[in-house]
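# Inside the fold
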Amino acid sequence: MSKYLNLSLKYLVLLSIIGIFNRCSSSNKEEEDKQYQTIYQSLKDNESKFIFKMDGNNFYKSESIFTGHLELLEGTFTMSYFDQFDSNVMIHFGGQKWYEGRPITTSIKLDNGFSSNVMIGKIINKEEKLGAGYLMYVGIMTFKVFTKEKFVIVIEGKAKKYPKVGATDPSFDVKAIIVSKNPKFDVVDIDGKKSFYGQ
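Residues numbered from 1 in each chain as written. Predicted model: local features only at pLDDT ≥ 70, side-chain atom pairs only at ≥ 80, totals over all residues. Heavy atoms only, no water.

## Some remarks on the pattern of salt bridges
For clarity, the threshold we go by: The rule for a salt bridge is simple: a side-chain nitrogen of Lys or Arg has to be within 4 Å of a carboxyl oxygen of Asp or Glu. Helix and strand definitions here come from DSSP, where helices need a minimum of 4 consecutive H or I residues and strands a minimum of 2 consecutive E residues; each element is numbered from the N-terminal end. In this scheme, a residue with accessible area under 20% of its type's maximum is buried, one over 50% is exposed, and one in between is partly exposed, where area comes from a 1.4 Å probe on protein chains only.
The tally for this structure, following the rule as stated, stands at three salt bridges. Note that E74 and K97 form a salt bridge whose closest N and O atoms lie 3.2 Å from each other. Highlighted residues: E74 in the loop between β3 (66-72) and β4 (76-83) and K97 in the loop between β5 (88-94) and β6 (104-111), separated in sequence by 23 residues. On the accessibility criterion, E74 (31% relative accessible area) is partly exposed. For K97, a relative accessible area of 36% puts it in the partly exposed group. Where D86 meets K126, a salt bridge forms, and the shortest distance between an N and an O atom there is 3.7 Å.

## Focus: the nonpolar core
We apply this condition: Within this scheme, the nonpolar core is defined by two criteria: the residues are buried Ala, Val, Leu, Ile, Met, Phe, Trp, Tyr or Cys, and they are joined through side-chain atoms within 4.5 Å. Note on definitions: a residue-residue contact is assigned when non-hydrogen atoms from the two residues lie within 4.5 Å.
F52, F77, M79, I91, F146 and I155 are the most contacted members of the largest nonpolar core, which totals 36 residues. Tallying contributions element by element places strand β9 (residues 130-146) first for this core, with six residues. With residues up to four places along the chain from it excluded, the contact list for F52 reads N57, N58, F59, Y60, V89, I120, I155, V174, K175, A176 and I178. Counting residues in each nonpolar core, the second largest holds nine residues, with I39, L43, V154 and I177 among its members.

## Some thoughts on the environment of M136
Note that M136 resides in strand β9. Through-space distance from the C-alpha of M136 to that of V174 is 8.2 Å; in sequence the pair is 38 residues apart. Apart from the residues lying within four places of it in its own chain, the contact partners of M136 are I108, K109, L110, S116, V118, I155, E156, G157, K158, A159 and V174.

## Let's talk about unusual backbone geometry
With an omega of 0°, the peptide bond between R102 and P103 qualifies as cis. The topology assignment puts P103 in the loop between β5 and β6. In this chain, Y162 is followed by P163 through a cis amide linkage whose omega measures 5°. Tracing the sequence through the fold places P163 in the loop between β10 (150-161) and β11 (172-181).

## What about the side chain of T142?
With respect to the secondary-structure elements, T142 resides in strand β9. We classify T142 as buried; its relative accessible area is 15%.

## Things to note about the packing of aromatic side chains
Here a ring pair, both rings aromatic, is described through the centre-centre distance and the interplanar angle of the planes. Rule in force here: Pairing of aromatic side chains here covers Phe, Tyr and the six-membered ring of Trp, requires ring centres within 6.5 Å, and sorts the geometry by plane angle: under 30 degrees stacked, over 60 edge-to-face, intermediate tilted. Should the NZ of a Lys or the CZ of an Arg lie within 6 Å of a ring centre and within 35 degrees of the ring normal, that charge is described as sitting over the ring.
Within the structure shown, the criterion is met by 22 aromatic pairs. The interplanar angle of 90° and the centroid separation of 5.5 Å between the aromatic rings of Y134 and F172 together place this pair among those described as edge-to-face. In this pair, Y134 is assigned in strand β9 and F172 in strand β11, connecting sequence segments 38 residues apart. With a relative accessible area of 11%, Y134 lands in the buried category. F172 gets classed as partly exposed once you look at its relative accessible area, which sits at 22%. Clustering of aromatic rings is evident, with ring pairs tying together F77, F93, W98, Y99, F143, F146, F151, F185, F196 and Y197. K61 extends its terminal NZ or CZ atom over the ring of F85, reaching a point 4.1 Å from the ring centre. The lysine or arginine in question, K160, covers the ring of Y137, its NZ or CZ lying 4.9 Å from the ring centre.

What follows is the structure, given as structure tokens:
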């Protein structure tokens, strides 16, 4: 009898833990969705917010607003955006039917030691024309929302400061949120019914 009682207690404890985890996950998702919506509502049409944190510190100024070039092709996604301070973000990846994932996800990697599918940079001293550029070499990029009216992209991984991108060079933790409102598409060559999702 005591054996069955112990098993029942263990089962109830396990159910309680699962229930708490599910409630926490649901709460976190609601907070994230609220954050994305707040950012979205602060933007005008064809504006984007790129919030990149490098080792926990903001990489771009809080007032930075990005616009730029956006291509959606059958085999590639390309985003090259600048803010009013000449900061730059370049995202480029591809693959067959890259847009059919739900959600769309892609691995971040460094190619040939000098090119990445996520590159970020900013001006440090405009008069002296000094800047800082970072290449992400590992991580995951996830499209939380992907519609013609709204992009929400979450990035998490690690970056190295260009040109010191060798295996033994220092790395930096990167967490980023990208929110775009009614972005201008320069080129679109995909089927929206098969690619766009979310709200």
